[in-house]
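# Commentary on secondary and tertiary structure
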Amino acid sequence: MGDQRVILISANWKMHLNNVEALSLVQQFAAHLSASPIPPGREVSIHPPFTSLATVKAAIETYRLPVVLGAQTCHFADSGAYTGEVSAGMLASLNVRYVIAGHSELRAQCGETDEVVRDKVSAIYRHAMRPILCVGETTAERNSGVAERKVRRQVASALGDRPAELVAAAVIAYEPLWAIGAGVTATPDDAAQMCTAIRNELGNLAGVDEAAMVRIQYGGSVTAESSGALLGAENVDGFLVGGASLDAEQFSTIVTG
Ligand code: PGA
């Protein structure tokens, strides 16, 4: 459980919902929240596709939703000849507060290396936003006993050699690849063990006090059924939710439950 830390629950919509569908989901979510508000000590971010950011921003304002806007990725450069890309500055101008960096789907499908992830995290900080840095191991890595070493390396690569206050401002999402979109959730014990290792690594990088301020999310097939027990796990300070965030009722239950 996240001691004094504010729980952060983030909806990663991935490549789902067009502009009209995005508005409809936010409206449904708003209706659920008016019946059952977000408890104190919890923060919620919604990460739609780029094409719906402006729509979701407007809906958050119109319905006075107590949630913040997030994005799923950004480019590491501030501008330039990068056809099809979106810069961190463009996101900041839309009031985006959190940007996901290093999601395993981008690492696997778009060749996003640890170096690229580090540069993206730098771009996010340059524009006064906060990264949600995704880390996690494959089944093979878990079975061969290198999971913790890999995850620590991913954390150190993205956040090492940064001012301690920037490390403290980071959010880490521990997302074991074997759990993402798989219908298999890590047990609370598995999540606690890795999230504790991550906090220890953060302590090595920036000091124990700064490490204690970092929110560490769990991600991977989180549902309304699994969320309660996972939130009780040591060093788990919230969730990065994919599939279940596309269902207003289920996501509301995760957020308020
Ligand atoms: P999932 O996705 O909840 O659908 O497993 C989580 C994620 O990839 O961020």
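These notes cover the structure that comes with them. (Residues numbered from 1 in each chain as written. Predicted model: local features only at pLDDT ≥ 70, side-chain atom pairs only at ≥ 80, totals over all residues. Heavy atoms only, no water.)

Regarding its fold elements, the chain presents 12 helices and eight strands. Scaling as 2.2 N^0.38, a compact globule of 257 residues should have a C-alpha radius of gyration of about 18 Å, and the chain matches this with 17 Å. Its C-alpha atoms give the chain principal-axis dimensions of about 45 × 45 × 35 Å. Residues counted as buried form 52% of the 257 residues belonging to the chain. Relative to all contacts within the chain whose residues are 6 or more apart in sequence, the contacts with residues 24 or more apart total 75%. (Helix = DSSP H or I, 4+ residues; strand = E, 2+ residues; numbered from the N terminus. Rg over C-alpha atoms; globule rule 2.2 N^0.38 Å. Buried < 20%, exposed > 50% of the residue type's maximum accessible area, 1.4 Å probe, protein only. Contact = heavy atoms within 4.5 Å.)

This paragraph deals with empty space enclosed by the protein. What the rule picks out here adds up to one cavity of 30 Å³ or more. Counted as a void, the largest cavity has a volume near 50 Å³. Along the walls of the largest cavity sit Ala11, Trp13, Leu25, Val26, Phe29, Ile46, Ser245, Ala248 and Phe251, which together make up its complete lining. Here the lining of the largest cavity gets three residues from one element, more than from any other, and that element is helix H1 (residues 19-35). Considering only residue class, the lining of the largest cavity consists of eight nonpolar, one polar and no charged. (1 Å grid on protein atoms, 1.4 Å probe; cavity = no way out; pocket = protein on both sides within 12 Å on 5 of 7 lines; lining within 4 Å. Points joined across faces, edges and corners; volume = space filled by probe spheres on them. Nonpolar A, V, L, I, M, F, W, Y, C, P; charged D, E, K, R; others polar.)

In the vicinity of the ligand there are 13 residues, among which Lys14, His103, Glu175, Gly181 and Ser221 approach most closely. Within the side chain of His103, one N or O atom sits 2.7 Å away from an oxygen atom of the ligand. Gly243 is positioned such that a nitrogen or oxygen atom in its backbone is 2.8 Å from an oxygen atom of the ligand. Burial of the ligand by the protein chains amounts to 95% of its free accessible area of 280 Å². Comparing atom positions with the cavity grids shows the ligand to sit within the second largest pocket. Residues of the shell around the ligand, tallied by class, amount to four nonpolar, seven polar and two charged. (Near = heavy atom within 4 Å. Polar contact = N/O pair within 3.5 Å; in protein donor to acceptor, adjacent residues only side chain to side chain. Areas by Shrake-Rupley, 256 points an atom, 1.4 Å probe, with all protein chains shown as cover. Sits in = over half its atoms within 2 Å of the grid points.)

The next point concerns helix H2 (residues 53-62). Along H2, the residues that are buried comprise Leu53, Thr55, Val56, Ala59 and Ile60. Within H2, the buried residues cover an arc of 160° as seen down the axis, which keeps them to one side. For H2, the elements touching its buried residues are H1, strand E2 (42-47), strand E3 (68-71), helix H3 (88-92) and strand E4 (96-101). Positive phi shows up at Arg64, right after H2, with a value of about 50°. (Arc of directions from axis to C-beta.)

Across the interface, helix H7 (residues 147-159) lies against helix H9 (residues 188-206) with an axial gap of 10 Å and an inter-helix angle of 40°. Comparing their axes, H9 and H7 come out oblique. Judged by the sense of rotation from one axis to the other, the crossing of H7 with H9 is right-handed. Mapping the contact onto sequence places Ala147, Glu148, Val151, Arg152, Val155, Ala156 and Leu159 in H7 and Met194, Ala197, Ile198, Asn200, Glu201, Leu202, Asn204 and Leu205 in H9. Here the residues of the contact of H7 with H9 sort into 10 nonpolar, two polar and three charged. (Axes fitted to C-alpha atoms, helices over the stretch in contact; angles between N-to-C directions. Parallel < 35°, antiparallel > 145°, perpendicular 65-115°, else oblique. Left-handed = near helix turned anticlockwise from the far one by under 90°.)

In this section: the nonpolar core. Judged by nonpolar contacts, the single largest core of 73 residues is most densely connected at Leu159, Ile172, Ile198, Leu202, Tyr218 and Phe239. Among the elements that line this core, the one with the most residues is H9, at eight residues. Counting residues in each nonpolar core, the second largest holds nine residues, with Val68, Ile132, Val171 and Leu240 among its members. (Core = buried A, V, L, I, M, F, W, Y, C linked by side-chain atoms within 4.5 Å.)

Glancing now at the side chain of Ser52. Along the chain, the position of Ser52 falls in the loop between E2 and H2. Excluding residues that lie within four positions of it along the chain, Ser52 makes contacts with Leu17, Asn18, Asn19 and Ala22.

We now examine the pairing of E2. Here E2 lies mainly inside the structure; five of its six residues are buried. Inspection of the sheet shows strand E1 (residues 7-12) paired to E2 by six bridges, in the parallel sense. Among the inter-strand pairings, Ile7 is bridged to a residue of E2, identified as Arg42. Crossover E1 to E2 through H1 is right-handed. Here E2 pairs with E3 via two bridges, running parallel. In the sheet register, Ile46 faces E3, and the bridge partner there is Leu69. Once the chain exits E2 it traverses H2 before rejoining the sheet at E3, and the crossover so formed is right-handed. (Pairing = 2+ DSSP bridges. Right-handed = clockwise from strand over helix to strand, strands pointing away.)

Turning to the sheet that holds E2, a few remarks are in order. Pairing is parallel around the closed barrel formed by eight strands, whose spatial order is E1-E2-E3-E4-E5-E6-E7-E8. Taking each pair of neighbouring strands and ignoring which way they run, the sheet shows an average axis angle of 25°. Against the sheet, H7 contacts strand E5 (130-135) and strand E6 (171-174), and its axis sits at roughly 155° relative to E5.

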